[in-house]
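Each chain is listed here by its residues.
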Amino acid sequence: MLKISSAEFLQGVADLRQLPKNTLREILFIGRSNVGKSSLLNKLCNKKNLARTSATPGKTREINYYIINNQFYFVDLPGYGYAKVPEQMRAGWKRLIEDFLKRGEPISLAMQLIDSRQEPTPLDLMMMDWLEYYEVPYILVLTKADKMPFSKLSKQLEAYRERFQEQLTEGCCHGIVPFSIVNGDGRQELLRITDDHLKSSPMKKKEAV
Ligand SMILES: Nc1nc2c(ncn2[C@@H]2O[C@H](COP(=O)(O)OP(=O)(O)OP(=O)(O)O)[C@@H](O)[C@H]2O)c(=O)[nH]1
Ligand SMILES: [Mg+2]
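Heads up: these notes are all about the structure in this document. (Residues numbered from 1 in each chain as written. Chains lettered and ligands numbered in written order. Predicted model: local features only at pLDDT ≥ 70, side-chain atom pairs only at ≥ 80, totals over all residues.)

Description of the overall build of the protein
And step 1. Of the regular secondary structure elements, the protein holds six helices and seven strands.
And step 2. Helices and strands appear in the protein in the N-to-C order β-β-α-β-β-α-β-α-β-α-α-β-α.
And step 3. Taking 17 Å as the expected radius of gyration for a compact globule of 209 residues, we find that the protein reaches 16 Å, a close match to that expectation.
And step 4. For the C-alpha atoms alone, the extent of the protein along its principal axes is close to 60 × 40 × 35 Å.
And step 5. Burial analysis of the protein (209 residues in total) assigns 35% to the buried set.
And step 6. Considering only contacts within the protein whose residues lie at least 6 apart along the sequence, 74% involve residues at least 24 apart. (Helix = DSSP H or I, 4+ residues; strand = E, 2+ residues; numbered from the N terminus. Rg over C-alpha atoms; globule rule 2.2 N^0.38 Å. Buried ≥ 20, exposed ≤ 12 C-beta atoms within 10 Å, placed from the backbone. Contact = placed C-beta atoms within 7 Å.)

Written out as structure tokens, the structure is:
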């Protein structure tokens, strides 16, 4: 089980030239604005105000790097699908995220967040296509699970499993996990999956010259 003993904000990145110099394994948090990315990151670290959360969508504009246990990064990606964002900025976002995913090696796992009460949006599906295309291992996290009665949540989980069966069996999807910051559901499982992926995808050491 992964134990998080330290978590610190490192830097915000608006441009890939600003990526941290120290290349470490990355766990990504992806999803539309307001889906609960920053909340999930805080809950995993058990730190209330590590990542800024907000009831106003579109607050996280940059790719935010957090260093965990001085060993790997949690990376909070800017949320998408916020209606008030101008078209030009949206194009910039697409380019940034696609270039970001293309880097391949440092990315151990992406958590693709979707509100448990909703169907995936066209942008969620596009993101999942990108993750498959660039062969990034990912899991679907169904957020705000506390807002659904248990029976409905089970049905929704089943529906997601059926819908994404191909991604689960032949693609890069490694699981679908309901999650809630209110009761902590899913936290242990996400920490376990994170740990597995960090262990199974060690960074290739640079050849000594
Ligand atoms: N009930 C409930 N509310 C949640 C949960 N997760 C997040 N929220 C709320 O949803 C709102 C948005 O959460 P954030 O974590 O800021 O969302 P985000 O995805 O980081 O949003 P952006 O930074 O705008 O992309 C906040 O008001 C949170 O308190 C959850 O599991 N349960
Ligand atoms: Mg956020």
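Digging into the pairing of strand β3 (residues 63–68)
And step 1. Most of β3 is tucked away: five of the six residues are buried.
And step 2. Pairing geometry for strand β1 (residues 7–13) and β3, over six bridges, is antiparallel. Paired with Q11 across the bridge in β3 is Y65.
And step 3. Sheet analysis places β3 next to strand β4 (residues 72–76), joined by five bridges and oriented antiparallel. Within β4, the position partnered with Y66 by the bridge is F74.
And step 4. Hairpin remark: β3 followed by β4, antiparallel, with three residues in the connecting loop; positive phi at N69, about 50°. (Pairing = 2+ DSSP bridges.)

Structural notes on the sheet that holds β3
And step 1. A sheet is described by the order of its strands in space; here seven strands give the open sequence β1-β3-β4-β2-β5-β6-β7, paired in mixed fashion. Both outer strands of the open sheet, β1 and β7 (173–178), are each paired with one neighbouring strand and no more. Across the sheet, the axes of successive neighbouring strands diverge by a mean angle of 20°, strand direction being ignored.
And step 2. Sheet strands in contact with helix α3 (residues 122–133) are β2 (26–30), β5 (107–115) and β6 (138–143), and its direction is about 165° off that of β5. (Axes fitted to C-alpha atoms, helices over the stretch in contact; angles between N-to-C directions.)

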